[in-house]
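Chain residues, written in single-letter form:
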Amino acid sequence: ATKYLPGLKNLDYEERLKRMNLPIMQYRRDRGDMIEVYKYMHGLYSVNQNLLTRDSSGVTRGHNFKLLKRRCRLNVRQYFFSMRVTDTWNKLPADLVKVSTLDDFKRGLDHLWAAAKFSVK
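As the structure is a computational prediction, the values presented were derived from the model and not from experiment.

Colleague: Looking at this model, I keep getting lost on unusual backbone geometry. Mind explaining?
Modeller: Trans peptide bonds make up most of the peptide bonds, and negative phi angles are found at most residues other than glycine. Even without being a glycine, Asn21 presents a positive backbone phi close to 60°. Here Asn21 shows up in the loop between helix H1 (13–20) and helix H2 (25–41). You can call Asn21 exposed: its relative accessible area is 55%.

Colleague: Just to check I follow, could you spell out the nonpolar core for this structure?
Modeller: Most often, soluble globular proteins have nonpolar side chains that are buried together. Ranked by internal contacts, the top residues of the largest apolar core, which has 22 residues, are Met34, Trp89, Leu92 and Phe105. Secondary-structure elements contributing two or more residues to this core are H2, helix H5 (94–97) and helix H6 (102–112). Residue contributions to this core peak at seven residues, all from H2. Not counting chain neighbours up to four residues away, the residues in contact with Leu92 comprise Met34, His63, Val97, Phe105, Leu109, Leu112 and Trp113.

Colleague: Which parts of the structure should I look at to understand the environment of Ala1?
Modeller: One can find Ala1 in the segment before H1. Sequence separation between Ala1 and Leu96 is 95 residues, and the spatial gap between their C-alpha atoms is 34 Å.

Colleague: Any chance you could explain the environment of Arg71 here in plain terms?
Modeller: In this fold, Arg71 is placed in the loop between H2 and helix H3 (81–84). Judged by relative accessible area, which is 85%, Arg71 ranks as exposed. Along the primary structure Arg71 and Met83 are separated by 12 residues, whereas in three dimensions their C-alpha atoms are 8.8 Å apart.

Colleague: Got a minute to help me understand the environment of Tyr27 in this structure?
Modeller: By secondary structure assignment, the location of Tyr27 is in helix H2. In this structure the C-alpha to C-alpha distance between Tyr27 and Ala116, which are 89 residues apart in sequence, comes to 7.1 Å. Beyond its immediate sequence surroundings of up to four residues, Tyr27 is in contact with Asp110, Trp113, Ala116 and Lys117.

Colleague: Would you take a moment to explain the pattern of salt bridges for this structure?
Modeller: In a structure, side chains of opposite charge can pair up when their charged atoms sit close to one another. The tally for this structure, following the rule as stated, stands at six salt bridges. Measuring nitrogen to oxygen at the nearest pair gives 3.5 Å for the salt bridge that ties Arg19 to Glu15. Residue Arg19 and its partner Glu15 are both found in helix H1; the two are separated by four residues, about one turn of the helix. In this structure, Arg107 and Asp104 form a salt bridge, with 2.9 Å as the shortest nitrogen-oxygen distance. Placement of the pair is Arg107 and Asp104 together in helix H6, with a separation of three residues, close to one helical turn.

Cut-offs and rules
- Residues numbered from 1 in each chain as written.
- Predicted model: local features only at pLDDT ≥ 70, side-chain atom pairs only at ≥ 80, totals over all residues.
- Heavy atoms only, no water.
- Helix = DSSP H or I, 4+ residues; strand = E, 2+ residues; numbered from the N terminus.
- Buried < 20%, exposed > 50% of the residue type's maximum accessible area, 1.4 Å probe, protein only.
- Core = buried A, V, L, I, M, F, W, Y, C linked by side-chain atoms within 4.5 Å.
- Contact = heavy atoms within 4.5 Å.
- Salt bridge = Lys/Arg side-chain N within 4 Å of Asp/Glu carboxyl O.

Take a look at the structure:
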């Protein structure tokens, strides 16, 4: 749809997004996923208690909100929400995961991932 705007038709995808100040689709998906995990982990709403499991092994480096990575027997399962967010969430820095408000988390996440906002991997 961005090709239909005047002056953007001949530009590549990344350049069109930069000119419109829109992040790439993967960035928006990952950001939304991390926001949902933050809400779940900090008890901002209640959902199925078995959706995400905290790692209780006591050997967590980084932060205390680490998620347990389950093994998948089927390839399809690895794309479920609970499976695809685990590695990304566990890699976030402790000071970001432990912030007290959702807006602070969003701001910190945008700052941390600023370089990936417009680049296609």
